[in-house]
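Structural description and commentary
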Amino acid sequence: MGFCSLPIYTIVTSAPQLFRTTVKVFLAMMGCYFVVFCSLANIENPVGLSRGVLERFWMQPSIGLLILGGIGLCKFITFLSEKVHPILKNKYLQLTLAILIISVQIKTNYTENDESDNWYAYHYAQSILPHLPDNSIVLTGGDLPTNVFRYHTICEQMRPDVRIMDMQFMAADWFRDVLAPTTFAGINVPGVYRPYETSKLSKGQYNLKVFLDANIDNYAIFVCNSVRRDEGSDYKNHYMQIPYRTCKRFVKKSDVVNPVELVETTPNTVLDEWPMPDIRIYEDRTWEHTLKVAYLNSLSEKGTLMWEEAVANKNSNNLRYLLEHGAVLHGQGVTQIETAIAEGRLEEDDWQYVYTIMAKNMGHFCMILHTLEAAEGNETRRLELEECGRKYWKIYVNWSEILRNKEEEGLVKELRRYLAMKSFKGLRFNI
């Protein structure tokens, strides 16, 4: 407030009418923002990132409040000079007071707001952009991947050949008319994007499947931050999403002969490359926390895909192959998290959720393989897998409450019954 009082001081002393007009303008702006923004936001008790985003929208009216506060401080000093002592009119004394107020604010809040070592957006871009094939297309949703990737490709010239296409922008007429023929020249943009089933599309509209059909043969296409929730399911019948570090790559199902081989040829998420934001500074309402969650979740993506493939092929000769590779992939992610915990690089709130999910899947992998080994009479291997299953199911049971999912309750009860048994010999576990 003291900082804002300095420029206002001249206005007050030299142009009273301008001063009054300025105050009226700021009051009108504040009133309009409070009424209009609050009614448009219409958010009830936002939590997490939604709360943080809403808080940051109040930075604009806060500037107006600070300026009005500066005016108020100036008027208050004038009042004191008349009632207490004329020396308070001294402009050098007022300047000193303003500098003192600013200095106190800096000293009080500098440590908490020091972002000089905040390179998390850069590390996020570094984790995916340099590893993409030439001339790739990256479909994005939301501010985080869109703005981080776009900034680094354009301003930092980090992989300028990669084109970043925001799926929200693709739904606008001006994207088709202005950006498609210029920024995205060469990419087939068949109209205006709509997240509908193909049968519900009108002339001049396209969905994700139509876009992929038009471009998949010419470009490597990725999605970061997941496909829109309201997207039609047509594309799922024709395309797979293969985890690719912190994003996913679209591939035709007809081209996938061996999903394990395809997964093994894509880059892994490596936790050691990612310095974790301090949870004491970056709470769940910050973008840094969101980055951390996305990165940790990516550790489980490949193993989860193997589990989905195992479920889809449970009667095929590839079942053991899928289970073994899924266990290896999940094991790599679990090991990275456990190492980071031991080194103090992760707080408990960071890893609980993804670690619990991975522990559940690891338990399933081990126990189904346990059944297969028992059927072949391999007792040594069966015991190793039983120990593996017990270890991870116990972790899952102990932490399952954080999933907040009623569907998990039945599984937890069943697993507790199994864990109470002295031996799993003779038991059969199926997908």
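Reading guide: rules and limits
- Residues numbered from 1 in each chain as written.
- Predicted model: local features only at pLDDT ≥ 70, side-chain atom pairs only at ≥ 80, totals over all residues.
- Heavy atoms only, no water.
- Phe/Tyr/Trp six-rings, centres within 6.5 Å; stacked < 30°, edge-to-face > 60°.
- Lys NZ or Arg CZ within 6 Å of the ring centre and 35° of its normal.
- Helix = DSSP H or I, 4+ residues; strand = E, 2+ residues; numbered from the N terminus.
- Polar contact = N/O pair within 3.5 Å; in protein donor to acceptor, adjacent residues only side chain to side chain.
- Buried < 20%, exposed > 50% of the residue type's maximum accessible area, 1.4 Å probe, protein only.
- Pairing = 2+ DSSP bridges.
- Right-handed = clockwise from strand over helix to strand, strands pointing away.
- Disulfide = S-S within 2.5 Å.
- pLDDT = per-residue confidence, 0-100.
- Contact = heavy atoms within 4.5 Å.
- Axes fitted to C-alpha atoms, helices over the stretch in contact; angles between N-to-C directions.
- Parallel < 35°, antiparallel > 145°, perpendicular 65-115°, else oblique.
- Left-handed = near helix turned anticlockwise from the far one by under 90°.
- Nonpolar A, V, L, I, M, F, W, Y, C, P; charged D, E, K, R; others polar.
- Salt bridge = Lys/Arg side-chain N within 4 Å of Asp/Glu carboxyl O.
- Patch = residues over 30% accessible without salt bridge, like charges linked within 9 Å, V, L, I, M, F, W, Y side chains within 5 Å.
- Areas by Shrake-Rupley, 256 points an atom, 1.4 Å probe, with all protein chains shown as cover.

1. Observations concerning the packing of aromatic side chains
Counted under the stated rule, the structure contains 16 aromatic pairs. Among the aromatic residues, ring-to-ring pairing joins Trp393, Tyr418, Phe424 and Phe429 into one connected group. When the ring centre of Tyr418 is taken as reference, the NZ or CZ atom of Arg417 above it lies at 4.9 Å.

2. Some words on the environment of Asp213
Locating Asp213 in the fold gives a position in helix H9 (residues 208–215). Looking at Asp213, its side chain comes within polar contact range of the side chain of Tyr239, at 2.4 Å.

3. Some thoughts on the pairing of strand S1 (residues 137–140)
Neither face of S1 is exposed, since Ile137 and Leu139 on one face and Val138 and Thr140 on the opposite face are all buried. Summarising the sheet, S1 and strand S2 (residues 163–166) pair through 4 bridges and their orientation is parallel. Residue Ile137 lies in a different strand from S2, and its bridge partner there is Arg163. In this fold, the crossover linking S1 to S2 by way of helix H7 (residues 143–154) has right-handed handedness. Judged from the 4 bridges that link them, S1 and strand S5 (residues 221–224) form a sheet pairing that is parallel. Residue pairing in the sheet places Ile137 in a bridge with Ile221 of S5.

4. Quick word on the state of the cysteines
A full pass over the atoms with the stated rule returns 2 disulfides. One disulfide bridge connects Cys224 with Cys247, the sulfur atoms lying 1.8 Å from each other. Its S-S torsion of approximately 100 degrees makes the covalent link between Cys224 and Cys247 right-handed. One end of the pair, Cys224, is in strand S5; the other, Cys247, is in strand S7 (residues 247–252), with 23 residues separating them in the sequence. The exposure class of Cys224 is buried, given its relative accessible area of 1%. The class for Cys247 is buried, based on a relative accessible area of 3%. Across a sulfur-sulfur distance of 1.9 Å, Cys366 and Cys388 are joined as a disulfide pair. Taken together, the residues span a long stretch of sequence, with Cys366 in helix H14 (residues 348–375) and Cys388 in helix H15 (residues 379–399) at a distance of 22 residues. Taking relative accessible area as the criterion, Cys366 reaches 3% and is therefore assigned buried. The connectivity of the disulfide bonds within the protein can be written as 1-2, 3-4, using the sequence rank of each bonded cysteine. In this structure Cys155 is not part of a disulfide, and its nearest cysteine sulfur, from Cys224, lies 18 Å away.

5. Here's the deal with the confidence of the model for the protein
Summarising the model, the protein shows a mean pLDDT of 82, and 90% of its residues fall at 70 or more. Counted against residues more than four places away or in other chains, residues 1–15, with its pLDDT under 50, gives 25 contacts.

6. Points about the packing of helix H12 (residues 301–312) against helix H13 (residues 319–342)
Two elements in contact, H12 and H13, have axes whose closest approach is 8 Å; the angle formed by their N-to-C orientations is 160 degrees. Between H12 and H13, the crossing angle belongs to the class labelled roughly antiparallel. In this structure, the crossing between H12 and H13 has a hand that is left-handed. Here Lys302, Gly303, Thr304, Met306, Trp307, Glu309 and Ala310 of H12 come into contact with H13, specifically with Leu319, Leu322, Leu323, His325, Gly326, Leu329 and His330. Residues that form the contact of H12 with H13 fall into these classes: 7 nonpolar, 5 polar and 2 charged.

7. Quick word on the pattern of salt bridges
Under the counting rule described, the total for this entry stands at 12 salt bridges. When the shortest N-O distance is used, the salt bridge between Asp217 and Lys252 registers 3.0 Å. Linking Asp217 in the loop between H9 and S5 with Lys252 in strand S7, this pair joins segments that are 35 residues apart in sequence. The exposure class assigned to Asp217 is exposed, which follows from its relative accessible area of 61%. A relative accessible area of 22% places Lys252 in the partly exposed class. Residues Arg382 and Glu386 are paired through a salt bridge, measuring 2.8 Å at the closest nitrogen-oxygen approach. Pair noted here: Arg382 and Glu386 are both in helix H15, with a separation of 4 residues, about one helical turn.

8. Section: the side chain of Thr153
Tracing the chain through its elements places Thr153 in helix H7. A relative accessible area of 5% means that Thr153 is categorised as buried. Not counting chain neighbours up to four residues away, the residues in contact with Thr153 comprise Leu129, Met158, Arg159, Pro160, Val162 and Ile164.

9. Considerations on unusual backbone geometry
Despite not being glycine, Asn135 shows a phi value in the positive range, around 60 degrees. Following the sequence through the fold, Asn135 ends up in the loop between helix H6 (120–126) and S1. Positive phi values are uncommon outside glycine, yet Arg245 reaches one of about 55 degrees. Mapping Arg245 onto the fold places it in the loop between strand S6 (239–244) and S7. The buried category is assigned to Arg245, whose relative accessible area is 8%.

10. Structural notes on a nonpolar patch on the surface
Among the surface-exposed residues, Phe34, Val35, Val36 and Leu65 lie close enough to one another that they form a single nonpolar patch of about 350 Å² accessible area. Element by element, the count of residues in the nonpolar patch is highest for helix H2 (residues 16–41), at 3 residues. If you trace the backbone, Phe34 turns up in helix H2.

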